[in-house]
Amino acid sequence: MEDKSTHTFSVVVDNKSGVLGRVVGMFAARGYNIDSLTVAPIPESKYSRISIVTNGDKRVIDQIIKQLNKLVPVLKVNEHKDVIEKDTVLIKLPITQNLSDIDVLARAYNGSIQNVTEDCIIVAATDSPSRIANFIR
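Residues numbered from 1 in each chain as written. Predicted model: local features only at pLDDT ≥ 70, side-chain atom pairs only at ≥ 80, totals over all residues. Heavy atoms only, no water.

### Observations regarding the pairing of strand β1 (residues 5-14)
Counted residue by residue, β1 has seven buried out of 10 residues, so it is predominantly covered. Where β1 lies against strand β3 (residues 47-56), 10 bridges are found, and the strand directions are antiparallel. Bridge pairing in β3 places Thr8 opposite Val53. In terms of strand pairing, β1 meets strand β4 (residues 74-80) through six bridges, oriented antiparallel. Following the sheet pairing, Val13 is matched in β4 by Val74. (Buried < 20%, exposed > 50% of the residue type's maximum accessible area, 1.4 Å probe, protein only. Helix = DSSP H or I, 4+ residues; strand = E, 2+ residues; numbered from the N terminus. Pairing = 2+ DSSP bridges.)

### What to know about the packing of aromatic side chains
Enumeration according to the criterion identifies two aromatic pairs in this entry. When the centroid spacing of 6.3 Å and the interplanar angle of 80° are considered together, the rings of Phe27 and Tyr32 count as edge-to-face. Residue Tyr32 is classed as buried on the basis of its relative accessible area of 18%. Geometrically, the ring pair formed by Tyr109 and Phe135 is tilted, given 5.0 Å between the ring centres and 40° between the ring planes. Remark: Phe135 occurs in helix α4 (residues 129-136) and Tyr109 occurs in the loop between α3 (99-108) and β6 (111-116); sequence separation between them is 26 residues. (Phe/Tyr/Trp six-rings, centres within 6.5 Å; stacked < 30°, edge-to-face > 60°.)

### Overview of the sheet that holds strand β5 (residues 87-94)
Pairing is antiparallel across the open sheet formed by three strands, whose spatial order is β5-β7-β6. Two strands lie at the open edges of the sheet, namely β5 and β6, each paired on one side alone. In this sheet, neighbouring strand axes are inclined to one another by 20° on average, regardless of whether the strands run parallel or antiparallel. As paired strands, β6 and strand β7 (residues 120-127) are joined by five bridges and run antiparallel to one another. Among the inter-strand pairings, Ile113 is bridged to a residue of β7, identified as Val123. Across the face of the sheet, α3 comes into contact with β5, β6 and β7 while running at roughly 140° to β6. (Axes fitted to C-alpha atoms, helices over the stretch in contact; angles between N-to-C directions. Contact = heavy atoms within 4.5 Å.)

### So, the nonpolar core
When a protein is soluble and globular, its nonpolar side chains tend to lie buried together. In this structure, Val11, Val13, Val23, Phe27, Ile64, Leu68 and Val74 are the most contacted members of the largest nonpolar core, which totals 17 residues. Listed by contribution, the elements that provide at least two residues to this core are β1, α1 (19-29), β3, α2 (58-70) and β4. Sequence-distant contacts of Val11, that is, excluding residues within four places in its chain, are made with Ser48, Arg49, Ile50, Ile52, Leu68, Val74, Lys76 and Val77. Counting 10 residues, the second-largest nonpolar core is a separate cluster that includes Ile102, Ala106, Ile121 and Phe135. (Core = buried A, V, L, I, M, F, W, Y, C linked by side-chain atoms within 4.5 Å.)

Structural measurements only, silent on function.
Structure, rendered in structure tokens:
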């Protein structure tokens with residue numbers, strides 16, 4: 001039996017209402033899971049890009065690609081290899097924490113202090129999912 005692996009697709013679609021629902025509905029109707037989903041318009045065009053991360057064996061992934069290509073609002077499906085995965089987090093910390101300690105910690109996780117108010121310090125960090133999980137802990 002072949003192992004399930006993670007796959008990333010970008011799907012170019014018409015930027016119209018209901019299109020995202022049709023794409024997501026195709027996954028739901030066939031029992032495929034979506035691990036991550038991002039949608040954004042393509043600048044200066046009438047299209048949007050849907051980025052989908054899912055998992056499955058070769059047979060399942062081939063079926064997903066075929067089914068996506070059959071949907072009328074879908075113009076193009078690209079599967080991406082060698083994807084670099086990053087997570088971004090915003091964390092709110094109490095103002096009682098030492099600002100310089102927080103700054104050093106944030107920088108260790110490719111982050112920085114974004115805002116300081118009377119009540120809290122807001123830190124943003126972007127790194128690999130496992131490192132962001134460590135940062136949160």
